[in-house]
Amino acid sequence: MAGRFLGKTLATVSLSVALASVTLKSLGRCSIAACSNSFSSRGFHLNSNTMSGSNGTKENSHNKARTSPYPGSKVQRSQVPNEKVGWLVEWQDYNPVEYTAVSVLAGPRWADPQISESNFSPKFNEKDGHVERKSQNGLYEIENGRPRNPAGRTGLVGRGLLGRWGPNHAADPIITRWKRDRSGNRITHPISGKNILQFVAIKRKDCGEWAIPGGMVDPGEKISATLKREFGEEALNSLQKSGAEKRELEEKLHKLFSQEHLVIYKGYVDDPRNTDNAWMETEAVNYHDETVVLLQEK
């Protein structure tokens, strides 16, 4: 998931597919300028805990949300040992650091005001006007007027880089296709003998990590619209194209995102931007490009 960061490199990931399991290996890349040939024979190790829910184990489901320094700053979180992550564990000496980025406090349209502001009365755990404050993981607790991260302690309170108190909703399109030879025949893995499935990934310039080309859901926006917009902007660089190129791309995107799709995951994301009071959630949706309408090998 790429979030609000736009600097990136486009690549595809190839993997051998079984009905019940997926094996992912090494990673390669190519530039956005070369996206017309971006589907290539590459592999990718995808951490199975990247989008782990709040019911995962303490050791695995809540690691990135406790890392220091906090992204884009020198702020060090208070250390939270694995056995103290859960809120049900009593910890009277817990003393998290308070931090909200200046860019958030400046009041951009995508950010909430501070809880202390008299004209701000958010309706947590429900649809608040155009802002969705319900969590994909169910009801979350409110403590001293602030929502509490359902996955546990992070060592930091406030919002950090996140705009919303509580859940910050994102959408991640996972665009796949079968790897084929020039005759259109599916290519199988030389060892497993299984068909090779490819999906699009981007490399973020802010942190160097590989991510699904997704982004934040705007207030009142449907998930389907976010998925199409973010994939066009982040993976296909649509903002830099000419009028004619944008129209052609829009037709292809409409065709791809109008077909049947599969929701792969909905819920909490273990993200380094998370705090005790603000956290990332996503809906990851697979669209399979069976007829290769979007990106074709040259």
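See the structure printed just above.
Rules and cut-offs
Residues numbered from 1 in each chain as written. Predicted model: local features only at pLDDT ≥ 70, side-chain atom pairs only at ≥ 80, totals over all residues. Heavy atoms only, no water. Helix = DSSP H or I, 4+ residues; strand = E, 2+ residues; numbered from the N terminus. Buried < 20%, exposed > 50% of the residue type's maximum accessible area, 1.4 Å probe, protein only. Contact = heavy atoms within 4.5 Å. Areas by Shrake-Rupley, 256 points an atom, 1.4 Å probe, with all protein chains shown as cover. Phe/Tyr/Trp six-rings, centres within 6.5 Å; stacked < 30°, edge-to-face > 60°. Lys NZ or Arg CZ within 6 Å of the ring centre and 35° of its normal. Salt bridge = Lys/Arg side-chain N within 4 Å of Asp/Glu carboxyl O. Core = buried A, V, L, I, M, F, W, Y, C linked by side-chain atoms within 4.5 Å. Pairing = 2+ DSSP bridges.

S.K.: Just to check I follow, could you spell out the overall build of the chain for this structure?
M.R.: In terms of helices and strands, the chain carries four helices and 14 strands. Looking at the 298 residues of the chain, the share that counts as buried comes to 46%. Within the chain, contacts between residues at least 6 apart in sequence are counted, and of these 67% link residues at least 24 apart. Summed over its atoms, the accessible surface of the chain is roughly 15400 Å², and 49% of this surface lies on carbon and sulfur atoms.

S.K.: Help me understand unusual backbone geometry, please; the structure alone is not making it clear to me.
M.R.: Negative phi values dominate among residues other than glycine, just as trans dominates among peptide bonds. Each neighbour pair has its own omega, and for Ser 68 with Pro 69 the value is -5°, a cis peptide bond. By the element assignment, Pro 69 lies in the loop between helix H1 (58-61) and strand E3 (97-100). Not every positive phi belongs to a glycine, and Asn 125 is a case in point at roughly 65°. In the Ramachandran plot, Asn 144 falls in the positive-phi region, its phi being about 55° despite a non-glycine side chain.

S.K.: Looking at this model, I keep getting lost on the packing of aromatic side chains. Mind explaining?
M.R.: Each pair of aromatic rings is reported with the distance of its centres and the angle of its planes. All told, the structure shown has five aromatic pairs when counted by the stated rule. Taken together, a centroid distance of 5.5 Å and an interplanar angle of 65° make the contact between Tyr 70 and Tyr 99 edge-to-face. Separated by 29 residues along the polypeptide, Tyr 70 in the loop between H1 and E3 and Tyr 99 in strand E3 bring together distant segments of the chain. Each of the two residues, Tyr 70 as well as Tyr 99, counts as buried. Ring plane angle 75° and centroid distance 6.3 Å describe the contact between Trp 87 and Tyr 94, whose orientation is recorded as edge-to-face. For Tyr 94, a relative accessible area of 15% corresponds to the buried category. Sitting over the ring of Tyr 94, Arg 153 keeps its end group 5.2 Å from the ring centre.

S.K.: When you look at the pattern of salt bridges in this model, what are you seeing that I'm missing?
M.R.: One side chain can pair with another of opposite charge once the charged atoms of both are near each other. Inspection of every chain in the model, using the stated rule, returns six salt bridges. Ionic pairing is found between Glu 143 and Arg 148, a salt bridge with its closest N-O pair at 3.6 Å. Given the relative accessible area of 43%, Glu 143 is considered partly exposed. Arg 273 is the partner of Asp 271 in a salt bridge, and the nearest nitrogen-oxygen pair spans 2.9 Å. What you see here is one network of salt bridges that share partners, running through Asp 112, Asp 128, Arg 133 and Arg 164.

S.K.: I would appreciate a short explanation of the nonpolar core in the present structure.
M.R.: It is characteristic of soluble globular proteins that their nonpolar side chains tend to be buried jointly. Core analysis: the largest hydrophobic core is formed by 11 residues, namely Ala 171, Ile 175, Val 200, Leu 227, Phe 231, Leu 249, Leu 253, Leu 256, Phe 257, Val 285 and Tyr 287. Among the elements of the structure, strand E9 (166-178), helix H3 (223-235), helix H4 (243-257) and strand E14 (278-288) are those that each provide at least two residues to this core. In terms of residue count, the dominant contributor to this core is H4 (four residues). Ranked by size, the runner-up nonpolar core spans eight residues in total, among them Ala 65, Phe 120, Ala 151 and Tyr 268.

S.K.: Looking at this model, I keep getting lost on the pairing of E14. Mind explaining?
M.R.: Across a regular strand the side chains alternate sides, sitting on one face of the sheet and then on the other. Most of E14 is tucked away, with 10 of its 11 residues classed as buried. Where E9 and E14 come together, 11 bridges link them in parallel fashion. Among the inter-strand pairings, His 169 is bridged to a residue of E14, identified as Glu 281. In the sheet, strand E13 (residues 262-269) pairs with E14 via seven bridges, with the strands oriented antiparallel. Looking across to E14, one finds that Tyr 265 is bridged to Ala 284.

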